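What follows is each chain in one-letter form.
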Amino acid sequence: MNIILALIIFSVIILFHELGHFLLAKYNDVKVNEFCLGLGPTLFGVTKGETKYSLKLLPFGGACMMEGEDEESVDDRSFNSKTVPQRISIVAAGPVFNFIMAFAFSLILVGSVGFDRPVLTGVKEGFPAQEAGIREGDEIVKLGNKKIHLYREVSVYTYFHAGEDIEVTYKRDGKTHTAVLTPKYDEESGSYLMGIYGTTARSKGSALETLRYSAYEVKYWITSTIESLGQLIRGRVSVNEMSGPVGIVKVIGDTYTQAKSDGVFMVFLNMLNMCILLSANLGVMNLLPIPALDGGRLVFLVVEAVRGKRMDPNKEGALNFVFLMALMALMVVIMFNDIRKIVM
């Protein structure tokens, strides 16, 4: 059941990503040769019109293969025959559709169970928050330069800024107050804490609040992904701590196991939350300025717009291939670490 759920979630997210490329390609009159789910040898395929729709052997990944995308073509409907803005819209559509999906699913989630307000339920005795006069009922509105809308953002911010002084802006009785806190190391938890308590329990709001907090939900996952990548680049997080498909399958399975005792609806909501997380994550990862990813293609297109001339297709293809192999090697390392964590 765990694997089936994971495959359904991966498939929905990947298909919607590729659908973005597909629809914008069609809108810009680009010929799509194949639209597929999965990678590797074709298990099943059917051709409708000019496009082959297929299912591949390896269940992770997908593609929208356009005429002249990675090779020279004299077809006036080829990808590279289109203007730079048209090609940018086609390439950017995949990640954008991931963010649209994350927002749509967030509307269902927030509309069903609400959102977690950053209102404190208490403070820890002997810790900086208490000493600064912060107390139960205060609402955190800002940490440093980051606006806070969800209580989860407080925990994530303190994790990514461990040991740093934190300027806390909070509201009490309609008035705004500010305090600078120096998190204190807590031996019990093994982390630096400001000494505040909150809750991730959700409460519902108006229709307008549902729309607004659905956007905050997507923003939370996008910024968390970006901040995690920043920690990786700065060496504060190692590759061994990253998770790939195997690790994600385990997380989905654990989430399903914990939620199934609460009924089908709770399983649905938890899987919906996983979809939001993964869709936002895929959107961000694909926008990284790395050849072989959508972000890398966008960089090439911006350079082309500035230069007024396309980069040598052979050089672009070679760069894409080299980075694709590097990404595949990284995925193998991450998969090995996932399996090792499960076994050990």
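This text goes with the structure placed above it.
The following refers to the structure shown. (Residues numbered from 1 in each chain as written. Predicted model: local features only at pLDDT ≥ 70, side-chain atom pairs only at ≥ 80, totals over all residues. Heavy atoms only, no water.)

## Quick look at the overall build of the protein chain
Turning to step 1, where the next piece is worked out: Each helix and strand in the protein chain was counted, giving nine helices and 10 strands.
Turning to step 2, where the next piece is worked out: Principal-axis analysis of the C-alpha atoms places the extent of the protein chain at approximately 70 × 50 × 45 Å.
Turning to step 3, where the next piece is worked out: Buried residues in the protein chain amount to 42% of all 344 residues.
Turning to step 4, where the next piece is worked out: For the protein chain, restricting intrachain contacts to residue pairs at least 6 apart in sequence, the fraction spanning at least 24 positions comes to 66%. (Helix = DSSP H or I, 4+ residues; strand = E, 2+ residues; numbered from the N terminus. Buried < 20%, exposed > 50% of the residue type's maximum accessible area, 1.4 Å probe, protein only. Contact = heavy atoms within 4.5 Å.)

## Here's the deal with the side chain of D186
Turning to step 1, where the next piece is worked out: By the secondary structure assignment, D186 is in strand β8 (residues 184–186).
Turning to step 2, where the next piece is worked out: Apart from the residues lying within four places of it in its own chain, the contact partners of D186 are K124, F127, S191 and L193.

## Details of the packing of aromatic side chains
Turning to step 1, where the next piece is worked out: All told, the structure shown has 10 aromatic pairs when counted by the stated rule.
Turning to step 2, where the next piece is worked out: A centroid spacing of 5.3 Å and a plane angle of 65 degrees characterise the contact between Y185 and Y192, whose relative ring orientation is edge-to-face.
Turning to step 3, where the next piece is worked out: In this structure Y185 comes out as partly exposed when scored by relative accessible area, which is 43%.
Turning to step 4, where the next piece is worked out: Cluster of aromatic residues (ring-pair linked, three or more members): F22, F35 and Y53. (Phe/Tyr/Trp six-rings, centres within 6.5 Å; stacked < 30°, edge-to-face > 60°.)

## Describing the pattern of salt bridges
Turning to step 1, where the next piece is worked out: Considering all chains together, one arrives at 15 salt bridges under this definition.
Turning to step 2, where the next piece is worked out: With its nearest N and O atoms 2.7 Å apart, the salt bridge here joins E50 to R77. One end of the pair, E50, is in the loop between β1 (32–48) and β2 (51–66); the other, R77, is in the loop between β2 and α2 (84–113), with 27 residues separating them in the sequence.
Turning to step 3, where the next piece is worked out: Owing to a relative accessible area of 29%, E50 belongs among the partly exposed residues under this scheme.
Turning to step 4, where the next piece is worked out: By sharing partners, the salt bridges in this structure join K26, D29, E50 and R77 into a single network. (Salt bridge = Lys/Arg side-chain N within 4 Å of Asp/Glu carboxyl O.)

## Overview of the state of the cysteines
Turning to step 1, where the next piece is worked out: This model, assessed by the stated rule, comprises zero disulfides.
Turning to step 2, where the next piece is worked out: C64 carries a free sulfur, and the closest cysteine sulfur to it, the one in C36, is 8.9 Å from it. (Disulfide = S-S within 2.5 Å.)

## Digging into the packing of α2 against helix α5 (residues 207–233)
Two quantities define a packed helix pair, namely the angle between the axes and the distance from one axis to the other.
Turning to step 1, where the next piece is worked out: Axis separation between α2 and α5 bottoms out at 8 Å; the angle between their running directions is 125 degrees. As judged from the angle between their axes, α2 and α5 are oblique. For the element pair α2 and α5, the recorded crossing hand is right-handed. Of the residues in α5, those in contact with F99, A102, F103, S106, L107, L109, V110 and G111 of α2 are T210, L211, Y213, S214, A215, E217, V218 and I222.
Turning to step 2, where the next piece is worked out: Of the residues contributing to the contact of α2 with α5, the split by class is 11 nonpolar, four polar and one charged. (Axes fitted to C-alpha atoms, helices over the stretch in contact; angles between N-to-C directions. Parallel < 35°, antiparallel > 145°, perpendicular 65-115°, else oblique. Left-handed = near helix turned anticlockwise from the far one by under 90°. Nonpolar A, V, L, I, M, F, W, Y, C, P; charged D, E, K, R; others polar.)

## What about helix α8 (residues 294–307)?
Turning to step 1, where the next piece is worked out: Counted at 1.5 Å a residue, the expected span for α8 with its 14 residues is 20 Å, and the 20 Å between its end C-alpha atoms agrees.
Turning to step 2, where the next piece is worked out: Of the positions making up α8, those classed as buried are D294, G295, G296, R297, L298, F300, L301 and E304.
Turning to step 3, where the next piece is worked out: Positive backbone phi, at 80 degrees, marks G308, one or two positions downstream of α8. (Expected span 1.5 Å × (residues − 1).)

## Observations regarding unusual backbone geometry
Turning to step 1, where the next piece is worked out: Positioned with a positive phi, D29 is a non-glycine residue whose angle comes to about 60 degrees.
Turning to step 2, where the next piece is worked out: Along the polypeptide, D29 turns up in the loop between α1 (2–27) and β1.
Turning to step 3, where the next piece is worked out: The exposure class of D29 is partly exposed, given its relative accessible area of 38%.
Turning to step 4, where the next piece is worked out: The backbone of A292 sits at a positive phi, close to 90 degrees, despite the residue not being glycine.
Turning to step 5, where the next piece is worked out: Along the polypeptide, A292 turns up in the loop between α7 (264–286) and α8.

## Regarding the environment of Y213
Turning to step 1, where the next piece is worked out: In this structure, Y213 sits in helix α5.
Turning to step 2, where the next piece is worked out: Sequence separation between Y213 and M194 is 19 residues; the distance between their C-alpha atoms is 25 Å.
Turning to step 3, where the next piece is worked out: Beyond its immediate sequence surroundings of up to four residues, Y213 is in contact with V110, F115, R117, H149 and L150.

That's the geometry; what it means functionally is another story.
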